[in-house]
Amino acid sequence: MSDPILQLTGVRKAFAVGTPAEVEVLHGLDLTLDSGDFAALVGPSGSGKSTLLNIIGLLDRPTAGELHLLGQPTRELSDADRTALRNRAIGFVFQFHHLIPAFNVLDNVLMPLMIRDGKPGGAEIDRARALLAEVGLGGSELKKPSQISGGQQQRVAIARALVTEPALLLADEPTGNLDTRTAETVFALLQRFNDEFGCAVLVVTHDPRLAASCRRTIELVDGQIVGDQLTTNSTPRRHRP
Amino acid sequence: MRLFDSLWIEWRIALRFLLDSRLQTALIIVGIAVGSAVVVFITALVNGLQDNLIDRTLGTQAHVRVLPPDEVNQIVREPGVITLVLDTPREQPLRSIINWQAVLATLDQQADIRAVSPLISGPALARRGQARASVALIGIVPERYERIISVSDDLIAGEFRVEAGYAVIGTELARELGLGIGDKLRIDAGVERQAVVRVTGIFELGVRELDSRYVYLDLKQVQTLLDLPGGVTQIDLAIDKIFEASRVSERLTRLTGLEAESWMEKNRELLNALESQTLSTQIVRLFVAISVAFGIASVMAVSVVQRTREIGILRAMGSPRQQILRIFLLQGGLVGLTGSSIGGAIGLGLVVVFNEFGPGLFYIPLDFSLLPSAVAIATLTGILSAALPARRGATYDPAVAIRYV
Ligand SMILES: Nc1ncnc2c1ncn2[C@@H]1O[C@H](COP(=O)(O)OP(=O)(O)O)[C@@H](O)[C@H]1O
Ligand SMILES: [Mg+2]
């Protein structure tokens, strides 16, 4: 087995540090994700799932503890280095898909590459188009996000998260505001990319049925991991012995 | 296009954002355009006005005049001895520049002097029948004099023919004495020094003093009339850079030992007026620039807040802070560039309208060289005013920004 993609040791997160309103949300988490993992992060609302995801995605810094991403410690990294690592290693999918309304679908998918390398070449554009075709939006490249449905927007966001071929895909309630059938399609996509590209996926979800289809379930309650187990009824995958 | 290539995505996002908030962008561009139009028009107007005033002033006078030094009493003081002196100022009779031919030759060789004209001038009475007028006789070498003050451009009758026995006079004098082309005029410069000359040309320089007093005659004839045979009382100069005149005159004083006087000393008041006019335009420009800067800054501040979520998304996808900063600086620069280009064109358009339909007192030259500097200043102002809002956007916490609704 290769090195873990992600390793958290004693990660704590407090907000409003040094003020009377100081509150600790994560209380010393240890967690490891391997390449090829497909894990659901479940837990009641307010338990700290989004906070944890932001920390893992280098959007936020833990107050204590260390986080290794791709074997690299991240605590001492400068903002610029964290940003570069985020661009290279992490793909984000958010609940409210968060496309940039001013750009069309294809540009939104290409954005992580354009941010990094400037004008995209033919190969990059082809990859973005192929990803859009895979998420079933082959004909919508030139549409604005406002011209497609919520489920379609979420699929564009998935294509965008995958365009850099990240080692880790983070999805924060990606199906939270989608109807059941659309949610299943989106989830199936995540599973397929996990299969095809071997990128680890950590997905926050409230839906027990969807969580059950993940290979691993991590349960977070009040900022502590209270459960971490392999899902029994999910089909075994070749990446996992 | 290196700048464009290396900042490709910054340009793209900046342009997209600007085009996306169309109304906002249009409003700030209109604001910048109005400001730039005002500045360009006022600058062209004042420059035109000042050039015009200077042209008019220099149209009838030499840039530098070289004169013989004043006669002064030499007082010899013995050291250690208290001397009481009763100093009666000496009279200043008409006198020639000593060895003026040599001075003329020296001046002719100076690289920055465009034209040199020796002349002799002195007072006389002009008479025709019962009418008399006091005049200034100006004895000139016409070819040289014309290169200093081109009288022939201001002739209203006859020709500029100045040789022995012929005179060119001003329109006021012609009217006072009832003279026309070909008429005879008696000049009386003192006992035994009289001449009768024929009027060959009548000029109107537009300065009453000159039009009523100047009588242009042949140099030799005036030397005889004023009893200064072979002498000249003054050497007029024209130089290339008119605002160098006082420096040139200082240099010539040292060089020749004579007294040199520039137009700038003679027209102190005009120059002071021009300077304060320049100062007030600069103040207007400064205040327009400041209000434009505040306009850009406030629009950019609003825009940064409106784009909070997009900033969060870009940051989450791996956009560095510097990139966010550049995106908003570019937007500031772009509105400055566009607004001032439009405004500059409008300002020059106003100049054309002023020349075409204005009061017609003077002509404002269409000075395209105002455009690049106006555009450059506005673009820079745009970038600088966007700096503060851009910095704020760049330092947004991405985790917070992305949840902003
Ligand atoms: N920026 C913040 N400042 C203060 N408290 C916060 C902040 N972000 C989240 N919290 C608090 O942390 C807790 C966990 O929030 P969150 O991670 O969003 O939970 P979940 O995603 O599991 O619903 C909540 O009580 C929330 O109020
Ligand atoms: Mg959440």
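Details of the structure are given in the entry above.
Please read all numbers here as calculations on a predicted model, not as lab measurements. Position labels on residues start from 1 in each chain and follow its written sequence. A letter from A marks each chain and a number from 1 marks each ligand, given out in the order of writing. The predicted nature of this model means local features are confined to residues of pLDDT at least 70 and side-chain atom pairs, given and counted, to a pLDDT of 80 or more, with totals for whole chains, interfaces and linings taken over all residues. Here the side-chain values reflect all heavy atoms present in the structure, with hydrogen atoms and water set aside.

**Concerning the overall build of chain A**
- Here a strand is any run of E in DSSP of at least two residues, a helix any run of H or I of at least four, and the numbering for each starts at the N terminus. On a plain count of helices and strands, chain A comes out with seven helices and ten strands.
- Here the C-alpha radius of gyration of chain A, 18 Å, is about what a compact globule of 241 residues would show, namely 18 Å.
- Projected onto its principal axes, the C-alpha positions of chain A cover 50 × 45 × 40 Å.
- Partly exposed residues are those whose accessible area sits between 20% and 50% of the maximum for their type, while under 20% is buried and over 50% is exposed, using a 1.4 Å probe and protein chains only. Considering chain A as a whole, with its 241 residues, one finds that 54% of them fall into the buried category.
- For chain A, the accessible area works out to roughly 9900 Å², and carbon and sulfur atoms hold 50% of it.
- Working convention for charge: Lys and Arg count positive, Asp and Glu count negative, and His plus the chain ends are omitted. In this description, the location of a charge corresponds to atom NZ of lysine, CZ of arginine, CG of aspartate or CD of glutamate. Each charge class in chain A was averaged separately, 24 positive and 28 negative side chains, and the resulting centres sit 4 Å apart. Computation of the radius of gyration draws on C-alpha atoms alone. For the globule rule, the value is 2.2 Å times the number of residues to the power 0.38. Per-residue accessibility takes into account occlusion by the displayed protein chains alone, with areas from the Shrake-Rupley method and a 1.4 Å probe.

**Structural notes on the interface of chain B and chain A**
- What makes two residues a contact is simply this: any of their non-hydrogen atoms within 4.5 Å. Taken together, the 24 residues of chain B in the interface contact 25 residues of chain A.
- Counted as salt bridges are all cases of a side-chain nitrogen of Lys or Arg within 4 Å of a carboxyl oxygen of Asp or Glu. On the surface where chain B and chain A come into contact, there are three salt bridges.
- With a closest N to O distance of 3.1 Å, D79 of chain A and R315 of chain B form a salt bridge.
- Here a polar contact means two N or O atoms within 3.5 Å. Within protein one must be a hydrogen donor candidate and the other an acceptor candidate, and residues neighboring in sequence count only if both atoms are side-chain atoms. On inspection of chain B and its partner chain A, the count reaches ten residue pairs in polar contact (both at pLDDT 80 or more).

**Thoughts on the pattern of salt bridges**
- Summed over the entire model, instances satisfying the criterion amount to 25 salt bridges over all chains.
- Across the pair R192 of chain A and E196 of chain A runs a salt bridge whose closest N-O atoms are separated by 3.0 Å. Remark: E196 of chain A and R192 of chain A occur in helix α6 (residues 180-197); sequence separation between them is four residues, near one turn of the helix.
- Put simply, R144 of chain B and D108 of chain B hold a salt bridge, and the shortest N to O gap is 2.9 Å.

**Side note on the site of ligand 1**
- Around ligand 1 lies a shell formed by F15, V25, P44, S45, G46, S47, G48, K49, S50 and T51 of chain A together with R403 of chain B.
- The nearness test applies per residue and asks whether one of its heavy atoms lies within 4 Å of the molecule or strand. Of the chains in the model, those with residues near ligand 1 are chains A and B.
- One of the backbone nitrogen or oxygen atoms of G46 of chain A is found 2.7 Å away from an oxygen atom of ligand 1.
- In this structure, an oxygen atom belonging to ligand 1 sits 2.9 Å away from a main-chain N or O atom of K49 of chain A.
- Notes on ligand 1: free accessible area 560 Å², of which the protein chains cover 63%.
- Counting residues per element, the shell around ligand 1 draws most heavily on helix α1 (residues 49-56) of chain A, which supplies three residues.
- The classification used treats Ala, Val, Leu, Ile, Met, Phe, Trp, Tyr, Cys and Pro as nonpolar, Asp, Glu, Lys and Arg as charged, and all other residues, Gly among them, as polar. Its residues placed into classes, the shell around ligand 1 shows three nonpolar, six polar and two charged.

**Topic: the packing of helix α3 (residues 105-117) of chain A against helix α5 (residues 150-162) of chain A**
All names here are of chain A.
- Direction vectors running N to C along α3 and α5 enclose 30 degrees, while the axes themselves pass 7 Å from each other. By crossing handedness, the relation of α3 to α5 is classed as right-handed. Within the contact between the two elements, α3 uses V105, N108, V109 and P112 and α5 uses V156, A159 and R160.
- Classifying every residue of the contact of α3 with α5 gives five nonpolar, one polar and one charged. Note on geometry: axes are C-alpha line fits, over the in-contact stretch for helices, and angles between N-to-C directions span 0 to 180 degrees. The crossing is said to be left-handed when, going from far helix to near helix, the turn is anticlockwise and less than a right angle, and right-handed when the turn is clockwise.

**Description of the environment of T164 of chain A**
Residues and elements named next belong to chain A.
- Within the fold, T164 resides in the loop between α5 and β7 (168-172).
- Sequence separation between T164 and L110 is 54 residues, and the spatial gap between their C-alpha atoms is 8.9 Å.
- Beyond its immediate chain neighbours, meaning those up to four positions away, T164 contacts N87, R88, P112, L113 and R116.

**Here we look at the packing of aromatic side chains**
- Each pair of aromatic rings taken from Phe, Tyr and Trp, with Trp reduced to its six-membered ring, is defined by centres within 6.5 Å and is described as stacked if the planes are under 30 degrees apart, edge-to-face if over 60, and tilted in the remaining cases. With the rule as written, the count across this model stands at ten aromatic pairs over all chains.
- Aromatic pair F160 of chain B and Y216 of chain B: ring centres 6.0 Å apart, planes at 75 degrees, arrangement edge-to-face. Of this pair, F160 of chain B sits in the loop between β4 (155-158) and β5 (166-170) while Y216 of chain B sits in strand β8 (residues 214-218), placing them 56 residues apart in sequence.
- Using a relative accessible area of 15% as the deciding quantity, one classes F160 of chain B as buried.
- With 5.5 Å between their ring centres and 55 degrees between their planes, F203 of chain B and Y216 of chain B make a pair best called tilted. Here F203 of chain B is found in strand β7 (residues 194-203), whereas its partner Y216 of chain B is found in strand β8, with 13 residues between them in sequence.
- Judged by relative accessible area, F203 of chain B falls into the buried class, the value being 0%.
- Ring pairing ties together the aromatic residues Y145, F160, F203, Y214 and Y216 of chain B, which thus form one cluster.
- The ring of F193 of chain A has R192 of chain A lying over it, and the distance from NZ or CZ to the ring centre is 5.7 Å.
- Charge-over-ring placement is defined geometrically: NZ (Lys) or CZ (Arg) within 6 Å of the ring centre, and within 35 degrees of the ring normal. One cation-aromatic arrangement involves R161 of chain B over Y166 of chain B; the distance from NZ or CZ to the ring centre is 4.3 Å.

**Examining the pairing of β7 of chain A**
Residue and element names in this part refer to chain A.
- Within β7, five of the five residues are buried, which leaves the element mostly enclosed by the surrounding structure.
- What you see with β7 is no split at all: L168, L170 and D172 on one side and L169 and A171 on the other are buried throughout.
- Here strand β6 (residues 90-93) runs beside β7; their pairing, made up of four bridges, is parallel. Note on β7: the bridge partner recorded for F92 is L170.
- Inspection of the sheet shows β7 paired to strand β8 (residues 200-204) by five bridges, in the parallel sense. Looking at β8, one finds that A171 is bridged to V203. Only when DSSP finds a minimum of two bridges between them are two strands counted as paired.

**Remarks on the nonpolar core**
- The biggest cluster of nonpolar side chains holds 112 residues, and the ones touching the most others in it are M111 and L168 of chain A.
- Element by element, the count of residues in this core is highest for α3 of chain A, at eight residues.
- Contact partners of M111 of chain A, with chain neighbours within four places excluded, come to I100 and F103 of chain A together with I9, I13, L314 and M317 of chain B.
- To form a nonpolar core, buried Ala, Val, Leu, Ile, Met, Phe, Trp, Tyr and Cys residues must be joined to one another through side-chain atoms within 4.5 Å. Core analysis: the next-biggest nonpolar cluster, separate from the first, contains 51 residues, L137, L228, V232 and I235 of chain B among them.

**Description of the sheet that holds strand β4 (residues 64-69) of chain A**
All names here are of chain A.
- Taken together, four strands build an open sheet; the order of strands is β2-β1-β4-β5 and the sheet is antiparallel. Only two strands of the sheet have a single neighbouring strand rather than two, namely β2 (23-33) and β5 (72-73).
- Sheet analysis places β4 next to β5, joined by two bridges and oriented antiparallel. Residue pairing for β5: L69 is matched across the bridge by Q72.
- Along the sheet, α1 makes contact with β1 (6-15), β2 and β4, crossing β1 at roughly 125 degrees.

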